[in-house]
Amino acid sequence: MTPTRCLTPAMLEVGMRHEARLSFSREEVDRYCALVGDHNAIHRDLDAARVRFPDARDIIVPGGLVQTRISALFGTEFPGDGTLGLTFSPERLRRPLYPGDELVVTLEVARLIRGGIVEMQIGIADPEGNRVSEATAKVVAPDATYRAWWEANIGAEASSGSA
């Protein structure tokens, strides 16, 4: 199990950032498309991908898969375990993403809103720093009660290295 974090609103400050690197395999694209019922040929057939994107070197990674993996960062890495998603507003990817391409995703606390709501700015770039997309999201960070449960049940595993 991958260790998680669990940051409450009181532990967050505007401007705090978290960076993660993501990439997607063909198998992940296949599993995602099967799970959500996405039968778009550009996600499974190179010829179809090349009709839409003549210079395509592989099938196209679905934008929904990218969004889902970014959403997973909220619930595992920043703010972490116990986080609930409210909104996710991405802009269109500026270029096709192929299996094996790496993305650098930066999550930044933009605003702390009452009720534990955190507005996040999301930057999505290639490893050279060229912007690929951006998004905004609102999440509800875990409260102190959840954090106490997490520390007793999960945080101890993470800090002991058994996770």
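A short tour of the structure in this document, coming up. (Residues numbered from 1 in each chain as written. Predicted model: local features only at pLDDT ≥ 70, side-chain atom pairs only at ≥ 80, totals over all residues. Heavy atoms only, no water.)

For the protein, the helix and strand inventory stands at four helices and five strands. Along the protein, helices and strands appear, N-terminal first, in the series β-α-α-α-β-β-β-β-α. Its C-alpha atoms give the protein principal-axis dimensions of about 50 × 35 × 30 Å. Per-residue burial over the protein gives 39% buried out of 163 residues. (Helix = DSSP H or I, 4+ residues; strand = E, 2+ residues; numbered from the N terminus. Buried < 20%, exposed > 50% of the residue type's maximum accessible area, 1.4 Å probe, protein only.)

The next thing to look at is the sheet that holds strand β5 (residues 131-140). Pairing is antiparallel in the open sheet, where five strands are placed in the order β1-β3-β4-β5-β2. Looking at which strands have only one partner, the edges of the open sheet turn out to be β1 (17-23) and β2 (84-90). Strand-to-strand, the axes of this sheet are offset by a mean angle of 25°, without reference to chain direction. Sheet topology note: the β1/strand β3 (residues 102-113) ladder contains seven bridges and is antiparallel. Bridge pairing links H18 to L107 in β3. Contacts from helix α3 (residues 63-76) reach β1, β2, β3, β4 (117-125) and β5, with the element oriented near 50° to β3. (Pairing = 2+ DSSP bridges. Axes fitted to C-alpha atoms, helices over the stretch in contact; angles between N-to-C directions. Contact = heavy atoms within 4.5 Å.)

Attention shifts here to helix α1 (residues 26-36). All of the buried residues in α1 are V29, Y32 and C33. Down the axis of α1, the buried side of the element spans an arc of 95°, and every buried residue falls inside it. What points out from α1, more than 90 degrees from its buried face, is the exposed set R31, A34 and L35. Buried positions along α1 lie against α3. Directly after α1, the chain includes G37, whose backbone phi takes a positive value near 80°. (Arc of directions from axis to C-beta.)

Turning our attention to the side chain of D58. Relative to the helices and strands, D58 resides in the loop between α2 (46-52) and α3. Since its relative accessible area comes to 17%, D58 is described here as buried. Among the polar contacts made by the side chain of D58, one reaches the side chain of R26 at a distance of 2.6 Å. Among all residues touching D58, those that are not within four sequence positions of it are R26, L46, A49, Y98 and P99. (Polar contact = N/O pair within 3.5 Å; in protein donor to acceptor, adjacent residues only side chain to side chain.)

What follows concerns the nonpolar core. In terms of nonpolar packing, the biggest core is built from 31 residues, with F24, V66, I70, L107, M120 and I122 touching the most fellow members. For this core, the secondary structure elements donating two or more residues are β1, α1, α3, β3, β4 and β5. In terms of residue count, α3 provides more of this core than any other element does, five residues in total. With residues near it in sequence (within four places) discarded, M120 still touches F74, F78, L107, E108, V109, A110, A135, T136, A137 and V139. I42, A48, A56 and Y98 belong to the second-largest nonpolar core, a separate cluster that totals six residues. (Core = buried A, V, L, I, M, F, W, Y, C linked by side-chain atoms within 4.5 Å.)

All we've got here are geometric facts, nothing functional implied.
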